[in-house]
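Commentary on secondary and tertiary structure
These are the residues of each chain, in order.
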Amino acid sequence: MNAVVFTLDLEDHRPDDSAELRFPAVTDELLDDLETWGVIGTVFVVGEIVRDHPDLVARVAARGHEVGLHGATHTPLPDVGAETFRTVTAEATDRLAQTIQAPVHGFRAPIFSLVPDSAWAPEILTELGFVYSSSVLPAHNPLYGWPGAPDEPFRWSSGLIEIPSPTFGFGPATRGQGWRRRAPKFPDSTAQSSPSVFTRSIRSNASPRPIDSPTRRGPGLEEARSMRRSPTVRGCSRSMIPR
């Protein structure tokens, strides 16, 4: 039997409040599909959604999924700054923990924006009680990436575990989300094999986005299986990020 590591980013990308609010219904549909398939994963939720849609976030947790924080807002870390990040992340984490009635262990930076200019973030996350981060895209990317960062899980000097984004690409074009590769072993893991990774974002106003389309219910089980068979194309340096 194949193991699956399944993560989602729950975000609201409407250009303004006049646009149709689709992600709550899409999320509920996907939760039903995941339950049918017997898949449990991690959902990283933007703090604004926790604030504005607490019942939706509580339903995600009630289905057995781990819920992590995807930033207080969907703002890249370098644009937030260290001191503001500490304040708003503490507030958002507390609100999320109260909403799901459980500790919040995981963090994913918006747009995988943990880069050299925001290398202050792991220490702050550790101070706030996070156990792990999945915020580094270890490759070149038009938005945010850290080429040369490890492509397997490692620990920052603060003790925080980093689980880099899986990558897939051709030549200079590399993406972190929506692609698949073999997941590496976690630090200190005794697992004999690596699970597969299937990562998507739930977006409220993105097109085309198979997971958010009026004509599709999202990726079916056979599609997920076919994605699992796609090859690992790109690897990165395993040298450690500055300690």
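See the structure shown above.
Thresholds applied
- Residues numbered from 1 in each chain as written.
- Predicted model: local features only at pLDDT ≥ 70, side-chain atom pairs only at ≥ 80, totals over all residues.
- Heavy atoms only, no water.
- Helix = DSSP H or I, 4+ residues; strand = E, 2+ residues; numbered from the N terminus.
- Buried < 20%, exposed > 50% of the residue type's maximum accessible area, 1.4 Å probe, protein only.
- Contact = heavy atoms within 4.5 Å.
- Pairing = 2+ DSSP bridges.

Section: the overall build of the chain
Counting its secondary structure elements, the chain contains 7 helices and 10 strands. Looking at the 243 residues of the chain, the share that counts as buried comes to 47%. Expressed as a percentage of contacts within the chain between residues at least 6 apart in sequence, the contacts between residues at least 24 apart total 74%.

Thoughts on the environment of Ala25
In this fold, Ala25 is placed in helix α1 (residues 23-37). In this structure, the C-alpha to C-alpha distance between Ala25 and Leu56, residues 31 residues apart in sequence, is 9.4 Å.

Focus: the environment of Leu143
Tracing the backbone through its elements, the reader meets Leu143 in the loop between β5 (132-133) and β6 (154-155). On the basis of relative accessibility, which here comes to 60%, the residue Leu143 falls in the exposed class. Each C-alpha atom of the pair Leu143 and Pro76 lies 9.7 Å from the other, and the pair is 67 residues apart in sequence.

Examining the pairing of strand β2 (residues 42-45)
Here β2 shows no split at all, with Thr42 and Phe44 on one side and Val43 and Val45 on the other all buried. Note: β2 against strand β3 (residues 66-69), 4 bridges, orientation parallel. Bridge assignment links Phe44 to a residue of β3, and that residue is Gly68.

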